[in-house]
Amino acid sequence: MNGGEAMDLYFVRHGRTEMNVKRLLQGQGGYGLLPEGRVDARRAADALGASGVTRVYASDQQRAIETAAILREGLGLRGPTRISKALREIDFGTMSGRPVDVVRRLCPRYATDSTFVFPGGESFDALQRRALHWVDAIERRRPARAIVVVTHGGWLRTLFVALRGADLNRCLEGSIPHGLVARLTVGRKRSLRILEPVGIFDRL
């Protein structure tokens, strides 16, 4: 691909899992998709039908890999899913697997301070740097005109606030639906379009 051509990155949040339904912090662990999570992925594939996507990237976590496989099938793509650890969800450390309400009681800064480092894990600030580094790297390479990227809610929240020029703490206010599709067009500048309502991010 010519480095001067525009590139579309289509970001997709993985489908729902049992831990999502139970409101447990999944982080870098977790399970594969529930039946309704497969529906989320098929809905995303339908939304991407006219996108011209030729490459699929995904986090190396099971729920993202399974979502990517459904997208590839729905889009009729034969190439492999390209796996990247940089697309992983935030590392909640010792809080992984615990109920959200319990974590908010044990770590009250979790809901208000994006620089809070989870015990044995990382902060949303560190996650944002990881997300932006990945986007910067793929922008420099521009390996295809249209790419789908399957990742996680926290990863996307930190990216969206950065692309909108908002304070990182705003990422703690919003949520990302499973199966969401957002398009980032990279040309001479970056242009983000979130293709369905996602609360706070529509107002940034």
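For the structure itself, consult the block above.
What you see is a predicted model, and the numbers here were worked out from it, not measured in a lab.

Colleague: I would appreciate a short explanation of the overall build of the protein in the present structure.
Modeller: Check the secondary structure of the protein and you find six helices and six strands. Counting helices and strands in the order they occur from the N terminus, the protein gives β-α-α-β-α-β-α-α-β-α-β-β. By principal-axis analysis of the C-alpha atoms, the protein measures approximately 50 × 35 × 30 Å. Burial status across the protein gives 50% buried among its 204 residues. Taking contacts inside the protein between residues at least 6 apart in sequence as the whole, the part at least 24 apart equals 73%. Surface accessibility of the protein: about 9,500 Å² in total, with carbon and sulfur atoms responsible for 47%.

Colleague: So what exactly am I meant to see when it comes to the side chain of T158 here?
Modeller: As for its placement among the helices and strands, T158 is situated in helix α6 (residues 153–163). Beyond its immediate chain neighbours, meaning those up to four positions away, T158 contacts F124, L127, Q128, A131, L168 and C171.

Colleague: Got a minute to help me understand the sheet that holds strand β1 (residues 7–13) in this structure?
Modeller: Pairing between sheet strands relies on hydrogen bonds along the backbone, with the strands arranged either parallel or antiparallel. Taken in spatial order, the six strands of this open sheet run β3-β2-β4-β1-β5-β6, and their pairing is mixed. Only two strands of the sheet have a single neighbouring strand rather than two, namely β3 (81–84) and β6 (190–194). Recorded for the sheet is a direction-independent mean angle of 20 degrees between the axes of neighbouring strands. As defined by bridge partners, strand β5 (residues 181–186) adjoins β6 across five bridges and the pair is classed as antiparallel. Pairing of R183 across the sheet is with R193, part of β6.

Colleague: Any chance you could explain the layout of surface pockets here in plain terms?
Modeller: If you roll a probe as big as a water molecule over the atoms, it shows you where there is empty space left. Reported here for the largest pocket is a volume of approximately 630 Å³. If you go around the largest pocket, you meet 27 residues; those closest to its centre are R13, L25, V100, Y110 and R157. Elements that contribute at least two residues to the lining of the largest pocket include exactly α1 (18–21), α4 (100–106) and α6. The element best represented in the lining of the largest pocket is α6, accounting for three residues.

Colleague: Where do I start with the nonpolar core in this structure?
Modeller: What tends to happen in soluble globular proteins is that the nonpolar side chains get buried as a cluster. Counting residues in hydrophobic clusters, the biggest one holds 39 residues, and the most contacted among them are L9, F11, Y110, F118, W134 and W155. Counting residues per element, the ones that place at least two in this core are β1, α4, α5 (124–141), β4 (146–151), α6, β5 and β6. No other element matches the six residues that α5 contributes to this core. If we ignore the near neighbours within four places in the chain, the residues touching Y110 are L25, F92, V100, V103, R104, F116, F118, F124 and L172. If you look at the next biggest cluster of nonpolar residues, it comprises 16 residues, including A44, V53, A58 and V148.

Colleague: Can you help me understand unusual backbone geometry in this one?
Modeller: Leave glycine aside and you will find that most residues have negative phi; peptide bonds, for their part, are mostly trans. Backbone geometry places R23, a non-glycine residue, at a positive phi of 55 degrees. Position of R23 relative to the elements: it lies in the loop between α1 and α2 (35–47). Look at R23 and you get partly exposed, because its relative accessible area is 47%.

Colleague: Can you walk me through the environment of G187 in this structure?
Modeller: Looking at the element boundaries, G187 is found in the loop between β5 and β6. Sequence separation between G187 and M7 is 180 residues, and the spatial gap between their C-alpha atoms is 6.5 Å. Sequence-distant contacts of G187, that is, excluding residues within four places in its chain, are made with A6 and R142.

Colleague: So what exactly am I meant to see when it comes to the packing of α2 against helix α3 (residues 62–75) here?
Modeller: Helix-helix packing: each pair is described by the crossing angle between the helix axes and the interaxial distance. Running from N to C, α2 and α3 cross one another at 40 degrees; their axes reach a closest spacing of 9 Å. Considering the angle they form, α2 stands oblique to α3. Crossing handedness for the pair α2 and α3: right-handed. Facing α2, whose interface residues are R38, A41, R42, A44 and A45, α3 presents E66, T67, I70, L71, G74 and L75.

Reading the values: rules and limits
Residues numbered from 1 in each chain as written. Predicted model: local features only at pLDDT ≥ 70, side-chain atom pairs only at ≥ 80, totals over all residues. Heavy atoms only, no water. Helix = DSSP H or I, 4+ residues; strand = E, 2+ residues; numbered from the N terminus. Buried < 20%, exposed > 50% of the residue type's maximum accessible area, 1.4 Å probe, protein only. Contact = heavy atoms within 4.5 Å. Areas by Shrake-Rupley, 256 points an atom, 1.4 Å probe, with all protein chains shown as cover. Pairing = 2+ DSSP bridges. Axes fitted to C-alpha atoms, helices over the stretch in contact; angles between N-to-C directions. 1 Å grid on protein atoms, 1.4 Å probe; cavity = no way out; pocket = protein on both sides within 12 Å on 5 of 7 lines; lining within 4 Å. Points joined across faces, edges and corners; volume = space filled by probe spheres on them. Core = buried A, V, L, I, M, F, W, Y, C linked by side-chain atoms within 4.5 Å. Parallel < 35°, antiparallel > 145°, perpendicular 65-115°, else oblique. Left-handed = near helix turned anticlockwise from the far one by under 90°.

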